[in-house]
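# Observations on the three-dimensional arrangement
Chain residues, written in single-letter form:
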Amino acid sequence: MHAPPHREAFAPTMSQCQSCGACCASFRVDFSVFESEAQGGRVPAALAVELNDTLCRMRGTDHARPRCAALYGRIGEKAQCGIYEWRPNPCREFEEGSEACGTARRRHGLTALPNA
Ligand code: SF4
Ligand code: SF4
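Residues numbered from 1 in each chain as written. Chains lettered and ligands numbered in written order. Predicted model: local features only at pLDDT ≥ 70, side-chain atom pairs only at ≥ 80, totals over all residues. Heavy atoms only, no water.

### Digging into helix α2 (residues 99–107)
Operational definition: Burial classification: accessible surface area is computed with a 1.4 Å probe over protein chains only, and a residue below 20% of its type maximum counts as buried, one above 50% as exposed, and the rest as partly exposed. Secondary structure counts use DSSP, requiring at least four H or I residues in a row for a helix and at least two E residues in a row for a strand, with both numbered from the N terminus. Note: the arc covers the axis-to-C-beta directions of the helix.
Buried within α2 are the following residues: Cys101, Gly102, Ala104 and Arg105. End-on, the buried residues of α2 take up no more than an arc of 165 degrees, which puts them together on one face. Exposed and oriented more than 90 degrees from the buried face of α2 are Glu99 and Arg106. Positive backbone phi, approximately 80 degrees, marks Gly109, located one or two places after α2.

### Quick look at the packing of aromatic side chains
The criterion, for reference: Ring geometry is summarised as follows: Phe, Tyr and Trp rings, the Trp one being its six-membered ring, pair when their centres sit within 6.5 Å, and such pairs are stacked at plane angles under 30 degrees, edge-to-face over 60 and tilted between the two. In this analysis the charged atom, NZ for Lys or CZ for Arg, is taken to sit over a ring once it is within 6 Å of the ring centre and within 35 degrees of the ring normal.
Applying the stated criterion across every chain, the model contains one aromatic pair. With centroids separated by 6.1 Å and ring planes inclined at 45 degrees, the aromatic side chains of Phe27 and Phe94 adopt a geometry described as tilted. Here Phe94 lies in the loop between α1 (89–93) and α2 and Phe27 lies in the segment before β1 (30–32), a separation of 67 residues in the sequence. Over the ring of Tyr84 we find Arg87; its NZ or CZ atom is 4.2 Å from the centre of that ring.

### Brief notes about the pairing of strand β5 (residues 78–81)
As a reminder of what qualifies: Following DSSP output, two strands are said to pair if at least two bridges run between them.
Here β5 shows a clear split, with Ala79 and Cys81 buried on one side and none of Lys78 and Gln80 buried on the other. In this sheet, β5 lies alongside strand β4 (residues 71–74) in antiparallel orientation, the contact comprising four bridges. Its bridge partner lying in β5, Arg74 is registered against Lys78. Between β4 and β5, which pair antiparallel in sequence order, lie three residues; one of them, Gly76, sits at a positive phi of approximately 85 degrees.

Below, the structure written as structure tokens:
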């Protein structure tokens, strides 16, 4: 579903994402096996749990208190995706300021962004 690198990690401009990371610690993140390094993709194999013939899941995102194993930093302070260049599509498509973004932020005690 989403990404800090939907945030630009440490880009000098923008974004609330660099001081957030909430979406990477709120939802399951499932993606095509073909995005996994093991199947010729770019998501590091150690971070991808294979669910079945078609789907992988980012490690840690299905825990009772989800937190992607690729996420560095502290939620709500400073956060960064450790595999920004190689993150799966759901992370690339997750939109800062979306309803889901607001849900994730509220879950971590942060206020939703104005357009969420
Ligand atoms: S891969 Fe990166 S952007 Fe995607 S959930 Fe994990 S830490 Fe977030
Ligand atoms: S929850 Fe929203 S603001 Fe926070 S990192 Fe994700 S997209 Fe960015």
